[in-house]
Amino acid sequence: MSKLLEVKNLSTHFFTDDGLVKAVDNISYSLNEGETLGLVGESGCGKSVNALSLLRLIPNPPGKIVSGKVIFEDQNLLTLSEDDICRIRGNRMAMIFQEPMTSLNPVMTIGRQLMEPMEIHRQMTRGEIQERCLDLLKRVHIPEAPTRMNAYPHQFSGGMLQRAMIAMGLTCNPRLVIADEPTTALDVTIQAQLLELMKDLTREFGTALIIITHNLGIVARYADRVNVMYAGRIVEKSTAMDLYKNPRHPYTIGLMASVPRLDQDMKKKLKPIEGQPPDLIHLPSGCSFHPRCSYRVERCLNETPELKTVNENHEIACWVDVRT
Amino acid sequence: MSDETIDQLQPQRASRIGVWAVMKAILKHKVSCVGVVIIILLSLMAIFAPLIAPHDPNEQDLYHVLENPSRKHLLGTDDVGRDLLSRVIYGSRISLLVGVAATIFAAVIGVILGLIAGYKGGMVDMVIMRITDTFMCIPGLILLLVMAAALGPGLHNIIIAISLIGWTGFARIIRGQVLMVRELPYIEAANAAGASGFRIMFRHLLPNSLAPIIVAGSITIGGVIMLESAAAFLGLGVQPPTPSWGKALRIGYSYLEVVPLFSIAPGLMITLAILAFNFLGDGLRDALDPRLRGQGKKIE
């Protein structure tokens, strides 16, 4: 499989009044054509900033991408002109946002919003665009698509809106879709439906997918590979299979221990990770996770671990081998 | 009811729901109802002036100057014997035309500048808003006098002058709205879809920032009518013999003791027109406000 996206040493910092926030700090990863990557971590660990950085949508000021490369289809997105990056956004690389209720323009009909990416990026007649949009609405299982085209977002239910958003993301047949917590605002029964739908469609179109989530269950089911992030850095990188079978980073282990499971003994209590996520302005020295880590050793306090390969498909950033 | 049935009920009413809701709210709002009725009557009067007016407004009858109301001249005659009622009826044309046209031009200038300022931010915002402030801190009437003096009197010039004064309020309002709206997720989504700055400003930000402009517009029309009358009163408006309320008020004022209606009639008309637009503005505000509050809740 050929490489679609390669992120090298990407750092995005926010220069706030209270100090420097390294929201994304020197992260590297890559993604192949058609692959699904899960990006997991707590709130505020830099998942969304990472995604926005890829499309250069970081509000500036206060945010700035200070270093790194984002190589997408052999182009470094970070050095493109504003016009050129606009041609990529929504066209080659699309984004699906977390809250469908607020991510759609309330005064425009669904149809017009759905048609917008193609109006921007494609030289097609209105009729052709309309036809494709209708087709897409049917693909995402919205009944009575022709009537729905003329409806406004407030007339849709949350699930329908998110399905419309998915359709919108796919209109221009992008090579990569970034779904930023696509299901957090929806109720559980619809979540699964939508993820299935997204998975099916991306598989059908051969689109690569980055799912950003804090839900490990979603990642387990839908992602091929997983990056676990903590305090702006990737702490564990692995195939989904391998990650679940043997998580190697203490943080990942903690995350997994704190997820309730159906096959678990009912009386057993969940084990949360102790402490609070770190304040990004005043990060702990050494490994940012050490204050909460039950495996910590002297070295964790002073030195920041870099990612190192533990086996073919697995990299972790930790000084300790948790298995010993 | 299941999701499906609810959804089936809605699409038919899709696009009209907003307009109907606003109209209904205005009809419920007694005061603005009065405003609407007056505005409709004034408009009809202006449009059908030639049919309604009993006399030619410019026909002089020097044997019957400064007459009090009579059968022939229901409101009496002015200083050169023209029928006052006809002149008041024709006067509505000028006031409404200036009021509406100047407000539209002012709104266009203000909305474009405010939109750019709010969207671009930074230096652009700074420069545009400081210019706005500068215009705002000069009293309107004085600015109007200066501009009217520079441009010369006349209908077109008075419209231009008033638009150049009136745009500041619109710019401020729309900038404030844009500052709020541009932070909403759907603007980010539009950005992520590759929309250009121009598209975001005019297709996404503008329609979502327009509600307060409609309210401000309605109230501004009232203000503009007053300004036009003031200009006419000071001799800067349309030139004679074109009938104008402000002008009639000015001349009638000299004969207040002889023929009081000469100035009272146009004065009342000016008051009535301004009140009507303010009433409408009030109603519109009340009608549009709950919707805004509803939106606010969703965002939260």
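Bear in mind the structure is a predicted one, so any value in this text is a computation, not a measurement.

Asker: Which residues make up the overall build of chain B, and what values do they have?
Answerer: Within chain B, the regular secondary structure consists of 13 helices and zero strands. Taken from the N to the C terminus, the helices and strands of chain B come in the order α-α-α-α-α-α-α-α-α-α-α-α-α. Here chain B holds 300 residues, and 44% of them are scored as buried. The contacts in chain B between residues at least 6 apart in sequence include a share of 70% that link residues at least 24 apart.

Asker: Explain the sheet that holds strand E1 (residues 3-16) of chain A residue by residue, including any values.
Answerer: Residues and elements named next belong to chain A. One open sheet accounts for four strands, arranged E2-E1-E4-E5; its pairing is antiparallel. A single partner strand is all that each edge strand has here, and the edge strands are strand E2 (19-32) and strand E5 (75-76). Two elements, E1 and E2, share 10 bridges in a ladder whose sense is antiparallel. Bridge pairing links His13 to Lys22 in E2. Along the sheet, helix H1 (residues 47-54) makes contact with E1, E2 and strand E4 (63-72), crossing E2 at roughly 65°.

Asker: Kindly report on the interface of chain A and chain B, identifying the contributing residues and their values.
Answerer: On the chain B side, the residues contacting the 28 residues of chain A number 23 residues. When contributions to the side of chain A that touches chain B are tallied by element, the ones reaching two or more residues are helix H2 (82-88), helix H3 (110-121) and helix H5 (145-148) of chain A. Among the elements that line the side of chain A that touches chain B, the one with the most residues is H3(A), at four residues. Among the residues making up the side of chain A that touches chain B, the classes are represented as 13 nonpolar, 10 polar and five charged.

Asker: Tell me about helix H6 (residues 158-170) of chain A, residues and numbers included.
Answerer: Residue and element names in this part refer to chain A. A rise of 1.5 Å per residue sets the reference length of H6, with its 13 residues, at 18 Å; its end C-alpha atoms lie 19 Å apart and thus fit the reference within 8%. Where burial is concerned, most of H6 is hidden: 12 out of the 13 residues are buried. Those residues of H6 not exposed but buried are Gly159, Met160, Leu161, Gln162, Arg163, Ala164, Met165, Ile166, Ala167, Met168, Gly169 and Leu170. Contacts made by the buried residues of H6 are with strand E6 (93-96), H3, helix H4 (126-139), strand E7 (176-180) and helix H7 (188-205).

Asker: Tell me what's going on with the pairing of strand E11 (residues 308-311) of chain A, and back it up with residues and numbers.
Answerer: All names here are of chain A. Summarising the sheet, E11 and strand E12 (residues 314-316) pair through three bridges and their orientation is antiparallel. Considered in E12, the bridge of Asn311 is made with His314. Between the antiparallel neighbours E11 and E12 lie two residues.

Asker: Now, about H7(A): what can you tell me, with residues and values included?
Answerer: All names here are of chain A. If you check H7, its first and last C-alpha atoms are 26 Å apart, about what 18 residues at 1.5 Å a residue would give, namely 26 Å. Every buried residue belonging to H7 is among Leu194, Leu195, Met198 and Thr202, and all of these are buried. One side of H7 carries all its buried residues, which in axial view fall inside an arc of 100°. Away from its buried face by more than 90 degrees, H7 exposes Thr189, Glu196, Asp200, Arg203 and Glu204. Elements that come into contact with the buried residues of H7 comprise H6, E7, strand E8 (208-213) and helix H8 (216-222). Residue Gly206 follows H7 closely and has a positive phi angle near 70°.

Asker: Outline the sheet that holds strand E10 (residues 233-239) of chain A, listing residues and values.
Answerer: By way of backbone hydrogen bonds, the strands of a sheet pair with one another, either parallel or antiparallel. All names here are of chain A. Strand order in the open sheet made by the eight strands is E6-E7-E8-E3-E9-E10-E12-E11, with mixed pairing throughout. The open sheet terminates on both sides in strands that have one partner only, identified here as E6 and E11. When the angles between neighbouring strand axes are averaged without regard to direction, this sheet yields 20°. In the sheet, E10 pairs with E12 via three bridges, with the strands oriented antiparallel. Bridge pairing links Lys237 to Glu315 in E12.

Asker: Could you give me a rundown of the environment of Met198(A), with the residues and numbers involved?
Answerer: Residue and element names in this part refer to chain A. Summarising the element assignment, Met198 is placed in helix H7. Taking the C-alpha atoms as reference points, Met198 and Val226, separated by 28 residues in sequence, lie 17 Å from one another. When sequence neighbours within four positions are dropped, the list of residues in contact with Met198 reads Ile166, Ala179 and Pro182.

Asker: Residues and numbers for the confidence of the model for chain B, please.
Answerer: Close inspection of predicted coordinates is inappropriate in any region flagged by low pLDDT. Of the residues in chain B, 90% reach a pLDDT of 70 or more, and the chain-wide mean stands at 84. The low-confidence segment residues 1-17 of chain B (pLDDT under 50) makes 15 contacts with residues lying over four places distant or belonging to another chain.

Asker: Could you give me a rundown of the packing of helix H3 (residues 30-47) of chain B against helix H5 (residues 84-120) of chain B, with the residues and numbers involved?
Answerer: Residues and elements named next belong to chain B. As a packed pair, H3 and H5 sit with axes 8 Å apart at the nearest point and diverge in direction by 110°. Regarding the angle of H3 to H5, the classification is roughly perpendicular. Packed against H3, whose contacting residues are Leu42, Ser43, Met45 and Ala46, the element H5 presents Ile89, Ser92, Arg93 and Leu96 at the interface. A per-class count over the contact of H3 with H5 returns five nonpolar, two polar and one charged.

Asker: Got a sec to walk through the environment of Met180(B)? Specific residues and values, please.
Answerer: Residue and element names in this part refer to chain B. Topologically, Met180 is positioned in helix H8 (residues 155-181). For Met180, a count of 14 C-beta atoms within 10 Å puts it in the partly exposed group. Along the primary structure Met180 and Leu205 are separated by 25 residues, whereas in three dimensions their C-alpha atoms are 9.7 Å apart.

Asker: Now, about the pairing of E10(A): what can you tell me, with residues and values included?
Answerer: All names here are of chain A. Among the seven residues that make up E10, six are buried, leaving the element largely enclosed by the rest of the structure. For strand E9 (residues 225-230) and E10, the ladder comprises six bridges, and the chain directions are antiparallel. Its bridge partner lying in E10, Asn227 is registered against Lys237.

What counts and how
Residues numbered from 1 in each chain as written. Chains lettered and ligands numbered in written order. Predicted model: local features only at pLDDT ≥ 70, side-chain atom pairs only at ≥ 80, totals over all residues. Helix = DSSP H or I, 4+ residues; strand = E, 2+ residues; numbered from the N terminus. Buried ≥ 20, exposed ≤ 12 C-beta atoms within 10 Å, placed from the backbone. Contact = placed C-beta atoms within 7 Å. Pairing = 2+ DSSP bridges. Axes fitted to C-alpha atoms, helices over the stretch in contact; angles between N-to-C directions. Nonpolar A, V, L, I, M, F, W, Y, C, P; charged D, E, K, R; others polar. Expected span 1.5 Å × (residues − 1). Arc of directions from axis to C-beta. pLDDT = per-residue confidence, 0-100. Parallel < 35°, antiparallel > 145°, perpendicular 65-115°, else oblique.

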